[in-house]
Amino acid sequence: MVRRRPESRGEEKRREEKERKKERRMMDILKDFQRLFFSMSRLTSFPWTVLEENLQSNRSSEFISEILKQTCLHRLCREFPPSARYRRRFLSELIRRQEAAACDPLDELYDALAEVIGAEDAGDCYKSYLLPCGEAVSLSESVALISEGTTGLVTWDAALHLAEWALDHRHTFTGRTVLELGSGVGLTGITICRSCSPSRFVFSDCHPGVLHKLRANVRLNGLDERQAPAVSVEHLDWTAATEEKLREIGPDVVIAADVVYDPDVVVSLVTLLSKILRRSTPEVLVCSTVRNPETYGGFKLQLENAGLRHHVITGAGAHVFPYNRLSTIELIRLHT
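Residues numbered from 1 in each chain as written. Predicted model: local features only at pLDDT ≥ 70, side-chain atom pairs only at ≥ 80, totals over all residues. Heavy atoms only, no water.

Trainee: An account of the overall build of the protein chain is needed here, citing residue identities and associated values.
Mentor: Secondary structure assignment for the protein chain yields twelve helices and nine strands. A principal-axis box enclosing the C-alpha atoms of the protein chain has dimensions of 90 × 55 × 45 Å. Within the protein chain, the fraction of its 336 residues that count as buried is 50%. Long-range contacts, defined here as pairs at least 24 residues apart, represent 72% of the contacts in the protein chain between residues at least 6 apart. (Helix = DSSP H or I, 4+ residues; strand = E, 2+ residues; numbered from the N terminus. Buried < 20%, exposed > 50% of the residue type's maximum accessible area, 1.4 Å probe, protein only. Contact = heavy atoms within 4.5 Å.)

Trainee: Could you give me a rundown of the pairing of strand β6 (residues 253-257), with the residues and numbers involved?
Mentor: In the case of a regular strand, side chains alternate between the two sheet surfaces. Taken across its five residues, β6 has five buried, putting it largely inside the fold. Of the two faces of β6, the one lined by Val253, Ile255 and Ala257 and the one lined by Val254 and Ala256 are each fully buried. By the bridge criterion, four bridges tie strand β3 (residues 177-181) to β6 in an arrangement that is parallel. When the sheet's bridge partners are listed, Glu180 is paired in β6 with Ile255. Sheet analysis places β6 next to strand β7 (residues 283-289), joined by five bridges and oriented parallel. Following the sheet pairing, Val253 is matched in β7 by Glu283. In this fold, β6 hands off to helix α11 (residues 263-279), which returns the chain to β7; that crossover is right-handed. (Pairing = 2+ DSSP bridges. Right-handed = clockwise from strand over helix to strand, strands pointing away.)

Trainee: Can you explain unusual backbone geometry? Please cite residues and give values.
Mentor: A cis amide bond links Ala228 with the next residue in sequence, Pro229, at an omega value of -5°. Although it is not a glycine, Ser197 sits at a positive phi angle of roughly 55°. Here Ser197 lies in the loop between α8 (187-195) and β4 (200-205). Its identity as a non-glycine residue notwithstanding, Asp258 has a phi of 55°, on the positive side. By relative accessible area, which is 13% here, Asp258 ends up buried.

Trainee: So what about the UniProt feature "domain: FAM86 N-terminal" (unreviewed entry) in the protein chain? Which residues, and what values?
Mentor: In the numbering used here, UniProt assigns the "domain: FAM86 N-terminal" (unreviewed entry) feature to residues 28-116. Annotated as 71% helix and 0% strand, the span residues 28-116 places its first and last C-alpha atoms 27 Å apart. (UniProt positions renumbered as here; feature names shortened; annotations may be inferred.)

Trainee: Go over the packing of helix α2 (residues 48-58) against helix α3 (residues 62-70) with me, naming the residues and quoting the values.
Mentor: The N-to-C vectors of α2 and α3 enclose an angle of 140°; their axes lie 9 Å apart at closest approach. Between α2 and α3, the angle is such that the two are oblique. Here Leu51, Asn54 and Leu55 of α2 lie close against α3, whose contacting residues are Phe63, Ile64 and Ile67. Among the residues forming the contact of α2 with α3, the class breakdown is five nonpolar, one polar and no charged. (Axes fitted to C-alpha atoms, helices over the stretch in contact; angles between N-to-C directions. Parallel < 35°, antiparallel > 145°, perpendicular 65-115°, else oblique. Nonpolar A, V, L, I, M, F, W, Y, C, P; charged D, E, K, R; others polar.)

Trainee: Residues and numbers for the confidence of the model for the protein chain, please.
Mentor: Low-pLDDT stretches of the model should not have their predicted coordinates read in fine detail. Per-residue confidence for the protein chain gives a mean pLDDT of 90; residues scoring 70 or more make up 92%. In the model, residues 145-152 has pLDDT below 50 throughout and makes 16 contacts with residues more than four positions away in sequence or in other chains. (pLDDT = per-residue confidence, 0-100.)

Below, the structure written as structure tokens:
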């Protein structure tokens, strides 16, 4: 019989460190599954390869059980569930991967699928975006990209990009009055209110359906005018905004995300931005996904013609929210 040589202290420490790294990696993967699931990201973006490797090496459904606890069985899913269709597809994919690895069936996995198999989807669903502090911004959003004649009932990539930038530059908003133009369903503004301590935050939009949804999402996230930050949701038509209205708001910071999408809209946007910057000197930040270079180039030309200068803010920040990072997204700061 061959006796194994006892581990040296150095070998033991290296083995323990290797185990800790493995454990940390699996925790990171669980977090990835959770944030992708609650934001209803494309299923192709999930780290399925890591799951397959785990199933093949361990021949156990334990990791799938942990994924379930962080997604479909999590309290957030009970309070603000993603669409039933999305949950069906997600659970079906988990089952497919488990069966392909010939692991023992997991009762709670099939029970979770049974709960949503016959459920009908409404026109709206919940998406939740996890903040670094562990809390979540939960939003009621439209299932369709275009609904009620507007694209303002869903969260777009530029809003997520601007929210990430805000988390990395909290001092820009702390103790200040912030006006958001074209707030949509409210992701960027709610993130700033929850994480950056502005003294006052004014959400704004002009579409009745968007304003209704926006007010509901602001309340959903525990924000109102009676507590800090003081929050309001305003109807603001860019073509009719008066000097008096802008003076009443008195913004120190003005932000906008994904508002440069139509040449006709750009004209009224630049007119409003010019009016804001000529009456005071707030910090103005506009974040855009450049889908049509001609439209975006036209926006910059309009800024120049109005006597407004800009510079592009560069530098990668922390990856907090899931979105398509291959998209061309540009954040600019405006000044006279």
